[in-house]
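One letter stands for each residue in the lines below.
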Amino acid sequence: MKSVSVQCRGIGLSYGATEVLKDVNLEIEPGEFYALLGPSGSGKSTLLRLIAGFVRHQRGELLVDGQDLTALEPWERQVGLVFQNYALWPHLTVWDNVAFGLVERRMPKETIRRKVGAALELVGLSSFGERRPGQLSGGQQQRVALARTLVIEPQVLLLDEPLSNLDKTLRVQMRQELHAMQRRLGVTTIFVTHDQEEAMTTADRMAVLEHGVVQQVGTPMELYDEPANAFVAGFVGTTNLVPGSARLFADGSVAVELDGLGTIRLSEAAGGFMRGPVTVALRPGAFVLGSRRVVRDARLAWTEGVVQAAEFLGETTRYRVQAGGQVLSVDEVHRIGQGRFAPGAEVVVGVDGTQARLIPG
Ligand code: ADP
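Only a predicted model underlies this, so the values are computations on that prediction, with no experimental measurement involved.

Caption draft 1: Structural view of the sheet that holds strand 9 (residues 205-210). Across the sheet, which stays open at both edges, the 6 strands sit in the order 6-7-8-3-9-10 with mixed pairing between neighbours. A single partner strand is all that each edge strand has here, and the edge strands are strand 6 (79-82) and strand 10 (213-218). Pairwise comparison of adjacent strand axes, ignoring direction, gives a mean angle of 20° for this sheet. Pairing of strand 3 (residues 33-37) with strand 8 (residues 188-193) involves 5 bridges; the strand directions are parallel. Looking at strand 8, one finds that F33 is bridged to T189.

Encoded structure:
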């Protein structure tokens, strides 16, 4: 299968006076597994439906493999959309559900038999052809929905919240299966999710949307480590946004006096060229927590604080710590036998400047 690119150029869409997508520019590479991530109402599904052809944009261009699809009806596009609720026909067997699109296209019986067989094999449901959707688990139903879309050999595969109807264990398993299948097929895949973990673990790259505006595009790690603004910093992972005041040194490094938390030194890359009032993003892992008696590593900026709450998450314990007039989320990696700080514990908090990022604006 030939992998194709998808390009959105200056796409705008309004429902009446409400602008739902504003000047959306995306360059999705052939064969990419691409996530559209954003909170509810940010315009993700609208963008997905627009690529499928179910809604029309009023401004801009939508190109697939360099061709403008804007004027084409959904069935004229080689784009397959898997709906969030799978939209299987309950009265049809798995086989007939998958065959449906091919029958509609009036394909020869033998071709249909071959293609449906191959699609069911692809999703690991070869022996389930005679069942009805009601006799399948959630994960199996989703695989049927996938097979039904893949059987028409779309150039672009669109998935609307593909994992949200599955329980947690199945979600992780399906996430890996989807990824492996997408890699095998090489089909350019765009999926919508409000779940940052899902986007981070699966996507090659992702676009973060808010209020119909693309906030940032990048690999999961780029977005996590170098958020472009406070929204992305807060939406992709957990972050502490701490106000401070920046000073630029002749060697290009930046020192930031964090409100109530001491002064940290940033590298040039992390600091940009900002001075004056700034916001600093600090992930929960950017802190070190210790008892007040602990020997304090001179490379960190230390402040005394009090633990307000402790949440044991397994791999880590997440603390809420009051320090220097801030309330911070602080993670500590858990090891067997390690004690925990109880709420009320008097602690010291160290800020690791190498893990800090300045947030523009
Ligand atoms: P998301 O998928 O990110 O949750 P949507 O794309 O579904 O967001 O919706 C984006 C915005 O567009 C929302 O404010 C929603 O209310 C509005 N919207 C979606 N579909 C319609 C429609 N058919 N008519 C009017 N407004 C709509």
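Caption draft 2: Seen up close, the pairing of strand 19 (residues 346-351). Across the 6 residues that make up strand 19, a large majority, 5, are buried. Bridge count between strand 16 (residues 301-312) and strand 19: 6 bridges; the pairing is antiparallel. Bridging across to strand 19, G305 finds its partner in V347.

Caption draft 3: Seen up close, the site of the ligand. In the neighbourhood of the ligand, the contacting residues comprise Y15, V20, P39, S40, G41, S42, G43, K44, S45 and T46. S42 is positioned with one of its backbone polar atoms (N or O) 3.0 Å from an oxygen atom of the ligand. One of the side-chain nitrogen or oxygen atoms of T46 is found 2.5 Å away from an oxygen atom of the ligand. Alone, the ligand offers 560 Å² of accessible surface; in the complex the protein occludes 57% of this. In terms of residues, the shell around the ligand owes the most to one element, helix 1 (residues 44-52), which gives 3 residues. Its residues placed into classes, the shell around the ligand shows 3 nonpolar, 6 polar and 1 charged.

Caption draft 4: The arrangement of unusual backbone geometry in detail. Even without glycine at this site, D23 takes up a positive phi of about 45°. One can find D23 in strand 2 (residues 18-28).

Caption draft 5: Local environment of the environment of R132. Within the secondary structure, R132 sits in the loop between helix 3 (109-122) and helix 4 (138-150). Looking at R132, the relative accessible area reads 38%, which means it is partly exposed. The spacing of R132 and S3 is 129 residues in sequence and 33 Å in space, taken between C-alpha atoms. Residues within four places of R132 in sequence aside, it is in contact with P90, H91, L92 and T93.

Caption draft 6: Here's a closer look at the packing of aromatic side chains. Applying the stated criterion across every chain yields a total of 5 aromatic pairs. Centre to centre, the rings of F231 and F235 are 5.5 Å apart; their planes meet at 10°, and the pair counts as stacked. One end of the pair is F231 and the other is F235, both in helix 8 (residues 230-235) and 4 residues apart, which spans about a single turn. Looking at R283, its charged tip hangs above the ring of Y224, at a distance of 3.9 Å from the centre.

Caption draft 7: Looking closely at the packing of helix 2 (residues 94-104) against helix 3. Their axes nearest at 10 Å, the elements helix 2 and helix 3 cross at an angle of 125°. When the axes of helix 2 and helix 3 are compared, the pair comes out oblique. Read as a crossing pair, helix 2 and helix 3 show a hand that is right-handed. Residue-level contacts link V94, W95, V98, A99, L102 and V103 of helix 2 to I112, R113, K115, V116, G117, A119 and L120 of helix 3. Tallied by class, the residues present in the contact of helix 2 with helix 3 amount to 10 nonpolar, 1 polar and 2 charged.

Caption draft 8: View of the nonpolar core. If you look at the biggest cluster of nonpolar residues, it comprises 41 residues, and the most contacted ones within it are V98, V116, L146, L159 and M206. Counting only elements with at least two residues in this core, the list comes to strand 3, helix 2, helix 3, helix 4, strand 7 (156-160), helix 5 (168-185), strand 9 and helix 8. Among the elements that make up this core, the one with the highest residue count is helix 4 (5 residues). In this view, L146 contacts V82, V123, L157, L159, L178 and M181; residues no more than four positions away in its chain are not counted. Counting residues in hydrophobic clusters, the runner-up holds 29 residues, among them L21, L47, V156 and L209.

The rules behind the values
- Residues numbered from 1 in each chain as written.
- Predicted model: local features only at pLDDT ≥ 70, side-chain atom pairs only at ≥ 80, totals over all residues.
- Heavy atoms only, no water.
- Pairing = 2+ DSSP bridges.
- Helix = DSSP H or I, 4+ residues; strand = E, 2+ residues; numbered from the N terminus.
- Axes fitted to C-alpha atoms, helices over the stretch in contact; angles between N-to-C directions.
- Buried < 20%, exposed > 50% of the residue type's maximum accessible area, 1.4 Å probe, protein only.
- Near = heavy atom within 4 Å.
- Polar contact = N/O pair within 3.5 Å; in protein donor to acceptor, adjacent residues only side chain to side chain.
- Areas by Shrake-Rupley, 256 points an atom, 1.4 Å probe, with all protein chains shown as cover.
- Nonpolar A, V, L, I, M, F, W, Y, C, P; charged D, E, K, R; others polar.
- Contact = heavy atoms within 4.5 Å.
- Phe/Tyr/Trp six-rings, centres within 6.5 Å; stacked < 30°, edge-to-face > 60°.
- Lys NZ or Arg CZ within 6 Å of the ring centre and 35° of its normal.
- Parallel < 35°, antiparallel > 145°, perpendicular 65-115°, else oblique.
- Left-handed = near helix turned anticlockwise from the far one by under 90°.
- Core = buried A, V, L, I, M, F, W, Y, C linked by side-chain atoms within 4.5 Å.

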